[in-house]
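One-letter residues, chain by chain:
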Amino acid sequence: MAFHIIGYGCTPTPGFYNQIYDRMLEDLSRNEILRYSRHLSLPNVGMEGQLALKAAKVLIVGAGGLGAPLGLYLAAAGVGYLGVADFDVVDLSNLQRQVMFGTKDVGFPKLRAAKARLEDLNPDIEVMVHDARLTSDNALGIIAAYDIVVDGTDNFPTRYLINDASVLLGKPNVYGSIYRFEGQATVFALGDGPCYRCLYAQPPPPGVVPSCAEGGVLGVLPGIIGSIQANETIKLILGKGDTLKGRLLLLDALNMRFRELKIRRNPDCPICGDHPTIRHLIDYDEFCGVGKADATADVAVPEMTPKELDRKMKSGVQPLLLDVREPHEREICSLGGRLIPLSEIPTLAHELDGQREIVVYCRSGVRSASAVFYLRQAGFQKVWNLRGGILAWSDDVDPTVAKY
Amino acid sequence: MKIEVLLFAQLRESLGTSRTVLELEEGQTVRDVAHRLMAQAGKPDVGSLPLRFAVNEEFVEEDHRLIDGDRVAVLTPVSGG
């Protein structure tokens, strides 16, 4: 069966569509014709578009809040070869937004649950799982096998890694990201369009931008943003309509307002500019300062385990407990003591009694390590980090303290 | 001149508003907007965030000169997923 490829609404990388259309050899089965009947009768999709979807290879990086609608909608749409990369296990706290998983999946690898769910949704596609954290060593090899990469990750190092790999390989990168009630989406590295480094050349310092676990996130928000990413991915495969290339779409879900900002390729961009200086993948943890922060937490900050703290308190020594979480977290659960959010430590540290022993805690022990590091630098001698935070306290000392 | 400023994510939270109007001198740039916002924000964390500016819905560099009535959107990176 032969097809005419007619005008595209966006400027693709030369060869991008050829790769997909060259693979369009198979016809649809009778079952597939029924399954995709609403697409087949849809202008701009039709039989040609559905066969393109079937021939397409899409990699979703991250099976989280964004990955859930991405996986479900791309599988349902009939993307023939769907890759999912993740290395995590389903946690009960994921189910508030990660609708690809069910309660029965809690405690099991995300990829196992995702593969079962997506193959149940559409047995006519192939689901490929990559059980690994994407790194500079494996990224090019994994992404090279796909036509499009979709960024559903939750951290800066992997976002820069996906960006650089997609630019180096000439693959479009369908980007989405969320924060509390706000989300954004665009298409990077498509033809003459911009890349993520054109938007943010440098990452923020580690620990300054809260994750979803620290800052919270409205459950439906990644559902909306991930669905927008799925929509853009499908349009890229079809070669129809205008994509978000060159437009950063912003959503404020609390006030339900969409805005878009024009973004151009930066000629001075170190990877997609006119004279690129980055020609191969780098160490993204180092680039984002993540390794350094961990080293600080592991080496330089004195720690106390929950059991050590418990013994100390039972022996009659009552150190000052310093909670560096946000006030809304304090409402969920607490170990008591003074509350000073991490961001206010520099301005309020002088109120603390430097002669007294201080044990600093937060949810998981990361923010409190930063606070201990700061207080030690500021001259406080008797300050310890509660290792593992409230989560570890709940596991090792008092299970009635809620984990969140 | 009057400049309308739109704030997002962490800046919106630390300044307690999604929109503000600044009175600037003629010829001032988006960098001056950043300085004014940082002074208002007061939180040391926010000062270390990379900022990007869009004037009238188009991203510009920090030395972009503003004119009366411009609308400046100020973005910081977010990474959730």
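The residue count restarts for each chain, going from 1 along the sequence in the order it is written. Whichever chain is written first becomes A and whichever ligand is written first becomes 1, with later ones labelled in order. For a predicted model such as this one, the threshold for reporting local features is a pLDDT of at least 70, and the threshold for listing and counting side-chain atom pairs is 80 or more; totals across whole chains, interfaces and linings nevertheless cover every residue.

(A) View of the sheet that holds strand β9 (residues 303–304) of chain A. Residue and element names in this part refer to chain A. At least two bridges found by DSSP between two strands are what make those strands a pair. Runs of H or I in DSSP of at least four residues are treated as helices and runs of E of at least two as strands, each being numbered from the N terminus. Overall, parallel pairing links the five strands, which are arranged β9-β13-β12-β10-β11 in an open sheet. Each end of this open sheet is capped by a strand with a single partner; those strands are β9 and β11 (338–339). Bridging between strand β10 (residues 320–323) and β11 involves two bridges; their strand directions are parallel. Across the sheet, the residue bridging to leucine 322 is arginine 338, located in β11.

(B) Just the packing of helix α5 (residues 67–77) of chain A against helix α6 (residues 110–121) of chain A, in detail. Residue and element names in this part refer to chain A. Closest axis-to-axis distance for the α5/α6 pair is 9 Å, and the angle between their directions is 30°. With respect to α6, the element α5 is oriented roughly parallel. Helix-helix and strand crossings are classified by hand; for α5 and α6 the assignment is right-handed. Within the contact between the two elements, α5 uses Gly71, Leu72, Ala75 and Ala76 and α6 uses Ala114, Leu118 and Leu121. When residue character is reported, Ala, Val, Leu, Ile, Met, Phe, Trp, Tyr, Cys and Pro are called nonpolar, Asp, Glu, Lys and Arg charged, and the others, Gly included, polar. Looking at side-chain class alone, the contact of α5 with α6 contains six nonpolar, one polar and no charged residues. Note on geometry: axes are lines fitted to C-alpha atoms, helical ones only across the stretch in contact, with angles between N-to-C directions running from 0 to 180 degrees. When describing relative orientation, an angle under 35 degrees is termed roughly parallel and one over 145 degrees roughly antiparallel, while 65 to 115 degrees is termed roughly perpendicular and anything else oblique. Note on convention: the crossing is left-handed when the near helix lies turned anticlockwise from the far helix by less than a right angle, right-handed when the turn is clockwise. Here the contact rule is simple: place C-beta atoms from the backbone, and any two residues whose C-beta atoms are within 7 Å are in contact.

(C) Summary view of the domain arrangement of chain A. The split into domains, and so the bounds of each, comes from an automatic or database assignment of domains. Domain parsing of chain A yields domain 1 (16–291) and domain 2 (301–396). Each of domain 1 of chain A and domain 2 of chain A has a C-alpha centre, and the two are 38 Å apart.

(D) Region of interest: unusual backbone geometry. In this structure, arginine 180 of chain A is a non-glycine residue whose phi angle is positive, near 55°. According to the C-beta neighbour criterion, arginine 180 of chain A is buried, with 20 such atoms within 10 Å. The phi torsion at alanine 9 of chain B lies on the positive side, around 50°, for a residue other than glycine. Note that alanine 9 of chain B resides in helix α1 (residues 9–15). Residues are called buried when their C-beta atom has 20 or more other C-beta atoms within 10 Å, exposed when it has 12 or fewer, and partly exposed otherwise; all C-beta atoms are positioned from the backbone. Of the residues examined, alanine 9 of chain B has 27 C-beta atoms within 10 Å and is grouped as buried.

(E) Here's a closer look at the pairing of strand β2 (residues 81–86) of chain A. Residues and elements named next belong to chain A. For β2, the tally of buried residues reaches five of six residues, placing the bulk of the element in the interior. Where strand β1 (residues 57–61) lies against β2, five bridges are found, and the strand directions are parallel. Looking across to β2, one finds that lysine 57 is bridged to tyrosine 81. By the criterion used throughout, a crossover qualifies as right-handed when its path from the first strand across the helix to the second strand runs clockwise, the strands pointing away from the viewer. The β-α-β motif built from β1, the intervening α5 and the parallel element β2 has right-handed crossover chirality. Note: β2 against strand β3 (residues 126–131), six bridges, orientation parallel. Bridge pairing in β3 links glycine 83 to methionine 128. Chirality of the crossover, the property in question, places the unit of β2, α6 and β3 among those that are right-handed.

(F) Seen up close, the pairing of β10 of chain A. All names here are of chain A. Here β10 runs beside strand β12 (residues 358–361); their pairing, made up of four bridges, is parallel. The partner of leucine 321 across the bridge, within β12, is valine 359. Viewed along the sheet, the connection from β10 through helix α15 (residues 327–332) into β11 turns out right-handed.

(G) Spotlight on the interface of chain B and chain A. Listed by partner, the interface residues are 20 residues for chain B and 32 residues for chain A. Elements supplying a minimum of two residues to the side of chain B that touches chain A: α1, α3 (44–47), β3 (52–55) and β4 (58–60) of chain B. When the residues that make up the side of chain B that touches chain A are grouped by side-chain class, the tally is ten nonpolar, five polar and five charged.

(H) Expanded view of the nonpolar core. Residues enter a nonpolar core if they are buried, belong to Ala, Val, Leu, Ile, Met, Phe, Trp, Tyr or Cys, and are joined to the set through C-beta atoms within 7 Å. Formed by 104 residues in total, the largest nonpolar core has its most connected members in Val58 of chain A together with Val74 of chain B. Considering every element that reaches this core, the biggest residue donor is helix α11 (residues 220–238) of chain A, with eight residues. Sequence-distant contacts of valine 58 of chain A, defined by excluding residues within four places in its chain, comprise Leu74, Val79, Leu82, Gly83, Tyr146, Asp147, Ile148, Val150 and Thr233 of chain A. Of all hydrophobic cores here, the second largest spans 21 residues; its members include Val301, Ile358, Val372 and Leu386 of chain A.

(I) Structural view of the environment of lysine 235 of chain A. Residue and element names in this part refer to chain A. Following the sequence through the fold, lysine 235 ends up in helix α11. C-beta crowding within 10 Å serves as the criterion here: with 21 such atoms nearby, lysine 235 is assigned to the buried category. C-alpha of lysine 235 to C-alpha of leucine 53: the two residues are 182 residues apart in sequence and 9.7 Å apart in space. When near neighbours in sequence (up to four residues on either side) are disregarded, lysine 235 contacts Lys240, Gly241 and Thr243.

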